[in-house]
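# Notes for the structure review
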Amino acid sequence: MRFSQFGLTTLKEVPADAEIVSHKLMLRAGLIRRLASGLFTWMPLGLRVLRKVEKVVREEMDRAGALELLMPAVQPSELWEESGRWDQYGPLLLRMHDRHEREYCFGPTHEEVITDIARRELRSYKQLPVNFYQIQTKFRDEIRPRFGVMRSREFIMKDAYSFDIDHTGLEASYGRMHDAYSAIFERLGLKFRIVDADSGEIGGSRSQEFHVLADSGEDAIAYCDADDYASNIETAATMAPDADRPVPAAELEKFPTPGVKTIDDLCEMLGITPAQTVKTLIVEGTDGPVALILRGDHELNAVKAQKIPGVASPLTMADNATINKATGSEAGSLGPVGMPLPLFFDHAVAGLADFSCGANEAGFHFKGVNFGRDLPEPETFDLRNVVAGDPTPGGTGTLSIARGIEVGHIFQLGTKYSEAMGATVQAPDGRNQVMEMGCYGIGITRIVGAAIEQNHDDDGIIWPGPLAPFDVVLVPINMHRSDEVRDAAETLYAELTDQGHEVLFDDRDARPGVKFADAELVGIPHRLVISDRNLAAGELEYRHRRDAESRNLKREEALKLLKESSVS
RNA sequence: CGGGGCAUGGCGCAGUCUGGUAGCGCAUCUGCUUUGGGAGCAGAGGGUCGGCGGUUCGAAUCCGUCUGCCCCGACCA
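Heads up: these notes are all about the structure in this document. Keep in mind it's a predicted model, so treat the numbers as computed, not measured.

### Remarks on the overall build of chain A
- Helix and strand content of chain A: 15 helices and 30 strands.
- Seen along its three principal axes, the alpha-carbon backbone of chain A occupies a region of about 95 × 70 × 55 Å.
- In chain A, which comprises 568 residues, the proportion classed as buried is 52%.
- In chain A, 67% of the contacts between residues at least 6 apart in sequence involve partners at least 24 apart.
- Accessible area for chain A stands at about 25600 Å²; split by element, carbon and sulfur atoms hold 49% of it.
- In chain A, which carries 62 positive and 89 negative side-chain charges, the distance between the mean positions of the two groups comes to 5 Å.

### Focus on the sheet that holds strand 30 (residues 551–554)
- Taken together, 5 strands build an open sheet; the order of strands is 27-26-28-29-30 and the sheet is mixed. What marks the edges here is a single partner per strand, and that holds for strand 27 (503–505) and strand 30. Sheet twist, expressed as the average angle between the axes of neighbouring strands with direction ignored, equals 30°.
- Taken together, the 5 bridges between strand 26 (residues 472–476) and strand 28 (residues 526–530) define a ladder with parallel strand orientation. Counterpart to V473 in the pairing with strand 28 is R527.
- Along the sheet, helix 12 (residues 483–498) contacts strand 26, strand 27, strand 28 and strand 29 (539–544); its crossing angle with strand 26, the most-contacted strand, is approximately 170°.
- Along the sheet, helix 13 (residues 512–522) contacts strand 26, strand 28 and strand 29; its crossing angle with strand 26, the most-contacted strand, is approximately 170°.

### What about the pairing of strand 11 (residues 219–223)?
- Extensive coverage of strand 11 is indicated by the burial of 5 of its 5 residues.
- Neither face of strand 11 is open: one carries D219, I221 and Y223, the other A220 and A222, and all of them are buried.
- Bridge analysis of strand 11 against strand 20 (residues 400–414) gives 5 bridges, and the strand direction is antiparallel. If you follow D219 over to strand 20, its bridge partner there is G404.
- Two elements, strand 11 and strand 12 (residues 230–232), share 3 bridges in a ladder whose sense is antiparallel. In the strand pairing of strand 12, I221 is matched with N232.

### Some words on the pattern of salt bridges
- Counted according to the given criterion, the structure contains 37 salt bridges.
- Measuring nitrogen to oxygen at the nearest pair gives 2.9 Å for the salt bridge that ties E60 to R187. Of this pair, E60 sits in helix 2 (residues 44–63) while R187 sits in helix 6 (residues 167–187), and the two are 127 residues apart along the sequence.
- In this structure, the salt-bridge partner of D297 is R295, at a minimum N-O distance of 2.9 Å.
- Given the relative accessible area of 34%, D297 is considered partly exposed.

### Details of the protein's contact with RNA strand B
- Around RNA strand B, a shell composed of 47 residues is seen, among which I263, L300, A331, E520 and S531 lie nearest.
- Atoms of RNA strand B within 4 Å of the protein belong to the sugar or the phosphate in 51% of instances, the rest to bases.
- One nitrogen or oxygen atom from the side chain of R511 is found 2.9 Å from a base oxygen belonging to RNA strand B.
- The separation between a sugar or linking oxygen of RNA strand B and a polar side-chain atom of R533 is 3.5 Å.
- Elements with a contribution of two residues or more to the surface near RNA strand B: strand 14 (278–285), helix 13, strand 28, helix 14 (532–535) and strand 29.
- It is helix 13 that contributes the most residues to the surface near RNA strand B, 7 residues altogether.
- Counted by class, the surface near RNA strand B contains 18 nonpolar, 10 polar and 19 charged residues.

Reading the values: rules and limits
- Residues numbered from 1 in each chain as written.
- Chains lettered and ligands numbered in written order.
- Predicted model: local features only at pLDDT ≥ 70, side-chain atom pairs only at ≥ 80, totals over all residues.
- Heavy atoms only, no water.
- Helix = DSSP H or I, 4+ residues; strand = E, 2+ residues; numbered from the N terminus.
- Buried < 20%, exposed > 50% of the residue type's maximum accessible area, 1.4 Å probe, protein only.
- Contact = heavy atoms within 4.5 Å.
- Areas by Shrake-Rupley, 256 points an atom, 1.4 Å probe, with all protein chains shown as cover.
- Lys, Arg positive; Asp, Glu negative; His and termini not counted.
- Charge placed at Lys NZ, Arg CZ, Asp CG, Glu CD.
- Pairing = 2+ DSSP bridges.
- Axes fitted to C-alpha atoms, helices over the stretch in contact; angles between N-to-C directions.
- Salt bridge = Lys/Arg side-chain N within 4 Å of Asp/Glu carboxyl O.
- Near = heavy atom within 4 Å.
- Polar contact = N/O pair within 3.5 Å; in protein donor to acceptor, adjacent residues only side chain to side chain.
- Nonpolar A, V, L, I, M, F, W, Y, C, P; charged D, E, K, R; others polar.

Scope: geometric values only; no functional claims are made or implied.
And the structure:
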């Protein structure tokens, strides 16, 4: 491709709305352009990268025996009513109707459609196992699209769905996808980690996420190198403290705390640490508001809390009016002592003695609070996020926390959809049996952003080889003044293209600095500079995007090097 | 959904407080010079200042309203 004909516009300055590096670089390098909130056009350069991701994903899915098909993006509401998700899914689902006022949605995922296909097409256990996949555009009406392509509303996803006769079969299908996903992210050259996950809206039992590690990731991952444990922080379990509670030493005392609204305020006034306090959060319960009690330095984990019987799901914080009505006090002065609501204590709170908390009277707190005297012995729950240093569930090590970008998610769905939609096949014994399903997603568009988060420097993108939009960039110096340079560049361009290289030929009449800067911004792995200077010696100047320095190579050596690198 | 902020040429911004008919840098086009790390000079094109309504002799600027966008937030108990 000749640069002059590629319609590529790079930017020196970044649009002000870009927050993270990948978003900035994608805009600067001309990969994407924004249309509206969470909606992006993939420009020619960006589309080349997207196709590379698709290629790797497709090859590995095919290798794993999955069958590609393509389902409609627009889906009738009836299917979603069958599965029960038309009412459950909420505002994330973009709904619309046609001229006959029939209701549809733009698919955020395709369990319903594929289950419908399966129940129509699959008759016998002999047709199983089978795994269908597609690479297709989804739409999810995110509350807050951000970070460019990382959390957009319209995005491209590879989604696959397996059907098995029984749970053993499902586990085998799931295992094949687990391995295929690992192979995909290996091939893409990304550093990733597989973690246990919550199955969320999709439902089902076992589920794991594939995270590309990056500090800008929206997810926190808890992991332990001692025993291979890794989990999304949403689901990482905390253990009840096994050490005995200290013996109470203090008397219960109520004291005035004017202006104290936060744990930090309280700590400052008393000269204590947040771990010696308790905070009380009022949330909606299944039967009126309830109180969740956490240690002052711990964070509530909404995913875990909303699974506790008696707590409303999704977790909803009570507003101030509700709090005032239910407690007779106000936010900032709440505590478990004398609280008229159902109390849910976190495990860690039960390990405290002589702690401080609100007194349920505006402007007053308690100190020296103790269980068994001021409060009954608590029943405790897992309510909080794990923190670095917590013991692993296996008990063999302690947890570390890293940040990640979720690029893949695999689920064992079981019979959730097949049961609801009557997807059965005839089993060997002649009876109709509900199929066991798995579903497996990869965020194709998100991978592009994630790859940049992990592979860039101050000058721009550094594409891993398999993702690069071009593998070689030719930079002729002063081509428009030197016939020698022009001839050499044209010949090289033709030759490399013939050899199957994807070459970006910077034939613009621009100064060298401009070309170098663009080549680095765009991140093409191999750069060859053609100039009078090195042409006289029969040489080309070679530099890999990752190298600090360039080196002069004989023309044949350079060609050989490129040939070898494209094989690996 | 709650809170904050922004909206001026393709991009980044100034001008708004204190009303007087729009400016800078980058990008684009022309010419000359320059040519190994985002060139210089000279010139040019391009903006109903997000929409609507109001105040005023006069509105980018003041007032009202709507829309769009960005950031923060379920951590305040």
